[in-house]
Amino acid sequence: CKKMQATARVKVIKGHLSSKPVSSLVTTPSNGLKYTVDECNVLSMKEREFFEENGFFVVKGLVAQNDLDKYRERFQKICNKQVPAPMNMIIMKDVAIAKSEYMQGDRAITKIQDFQADPVLFQYCSHPGVLKYAEQFIGKDMMAMHTMLINKPPDPGSKSSRHPLHQDLHYFPFRPADRIVASWTAMEHVDRRNGCLVVLPGSHRAGKLLRHDYPDWEGGVNKMYHGVRDFDENAPRVHLVMEAGDTVFFHPLLIHGSGMNTTNGFRKAISCHYASSHCEYIDVKGTVQENIEKEVIGVARKRLGDDVQFKFQDIWYLKGRLVNGERVNL
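Computed from a prediction, not measured in an experiment: that's the story for all the values here.

Asks: Residue-level account of helix α3 (residues 65-79), with values.
Replies: Look at α3: 21 Å from first C-alpha to last across 15 residues, which is about the 21 Å you get at 1.5 Å a residue. Those residues of α3 that sit buried are Asp67, Leu68, Tyr71, Arg72, Arg74, Phe75, Ile78 and Cys79. Taken down its axis, α3 places every buried residue within 165° of arc, on the same side. Looking at the buried positions of α3, the neighbouring elements they touch are β2 (90-92), β3 (111-113), α4 (122-125), β4 (142-152), β7 (180-186) and β14 (267-276).

Asks: Explain unusual backbone geometry to me, using residue names and the numbers behind them.
Replies: Across the junction of arginine 175 and proline 176, the peptide omega takes the value 10°, indicating a cis bond. Tracing the chain through its elements places proline 176 in the loop between β6 (174-175) and β7. Notably, aspartate 114 is not glycine yet its phi reads approximately 65°, a positive angle. Mapping aspartate 114 onto the fold places it in the loop between β3 and α4. On the basis of relative accessible area, aspartate 114 is assigned to the buried category, the value being 7%. With a phi close to 60°, aspartate 230 is a non-glycine residue in the positive phi region.

Asks: Go over the sheet that holds strand β13 (residues 256-258) with me, naming the residues and quoting the values.
Replies: Strand order in this open sheet of 4 strands is β5-β13-β8-β11, and the pairing throughout is antiparallel. Strand pairing shows two members of the sheet lacking a second neighbour, β5 (163-166) and β11 (238-239), which therefore form its edges. Note that β5 and β13 share 2 bridges and pair antiparallel. When the sheet's bridge partners are listed, histidine 163 is paired in β13 with serine 258.

Asks: Tell me about the nonpolar core, residues and numbers included.
Replies: By size, the foremost hydrophobic cluster in this structure holds 37 residues, and its most contacted members are Tyr71, Cys125, Leu149, Phe249 and Tyr274. Elements with a minimum of two residues in this core: β1 (56-59), α3, α4, α5 (128-138), β4 and β14. For this core, the leading source of residues is α5, giving 6 residues. Excluding residues that lie within four positions of it along the chain, tyrosine 71 makes contacts with Val63, Val120, Leu121, Gln123, Tyr124, His127, Leu149, Met187 and Ile270. Leu209, Val296, Ile315 and Leu330 belong to the second largest nonpolar core, which has 27 residues in total.

What counts and how
Residues numbered from 1 in each chain as written. Predicted model: local features only at pLDDT ≥ 70, side-chain atom pairs only at ≥ 80, totals over all residues. Heavy atoms only, no water. Helix = DSSP H or I, 4+ residues; strand = E, 2+ residues; numbered from the N terminus. Expected span 1.5 Å × (residues − 1). Buried < 20%, exposed > 50% of the residue type's maximum accessible area, 1.4 Å probe, protein only. Arc of directions from axis to C-beta. Contact = heavy atoms within 4.5 Å. Pairing = 2+ DSSP bridges. Core = buried A, V, L, I, M, F, W, Y, C linked by side-chain atoms within 4.5 Å.

Structure, rendered in structure tokens:
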């Protein structure tokens, strides 16, 4: 039954993708700032210039503790199968513990992805405070395109709890990059001990999507944890020490990752990638994104069957959900 529903949905979205008119893309603000829009004034000019230069901006205490507790409880219920996981949700385990019979419930799950259909977790994507800042970067017509709740486990010695340095645009078949932004909210104190985010400030300004692939790590690499190849490894890095509720917004070309969790506890964060609905889908064949396209389609076919015909863009159309304004192209 689920397979039939999925097949029907793919047929519907094909009609949507083929019928959308080509829109004029969001223009550069009149003051010359590329990465924020003039219509929203939540950031000061100095703060906008900081984002312009560095590609990220941290808002302290943006999400209240009672909201974080609600997301945490829902995550635990999904992991313990107390509530059903939506059909399109992906539940992941760390490669080092994936086959362990001793890890149960939320201790076995390192990430849930694509929670757009979950009514509790999706409240994060529509959180008024988060949306207020996201609008500064991409405008009022906003789509939630990609969602994650990350439960970074204590590293078992394999160093597999790391996330290689990467650019999020590697995973996205839509443009322009300057009208996409990530929000990433710490659900507890994060620092270098439990694997906080590390960013390469200003790496977004080159305007180039670099080649990504799996890193050569002896302890194994988690599924789709692609890393950037051929970048300046001596470039300055900033480790983002954050408290529960602090939220960082960053550009999809900003090179970032996270280190090992060397503590005994799990490090949780919740994240959403927003895109202006004026963005447009692109064909990534023949580009540096072709490898991720093949991998994502391969995973989808395992779940839906080889007889279901769809494109990379179709999958993202299914993921996207309007959170503000009008759905134009995405």
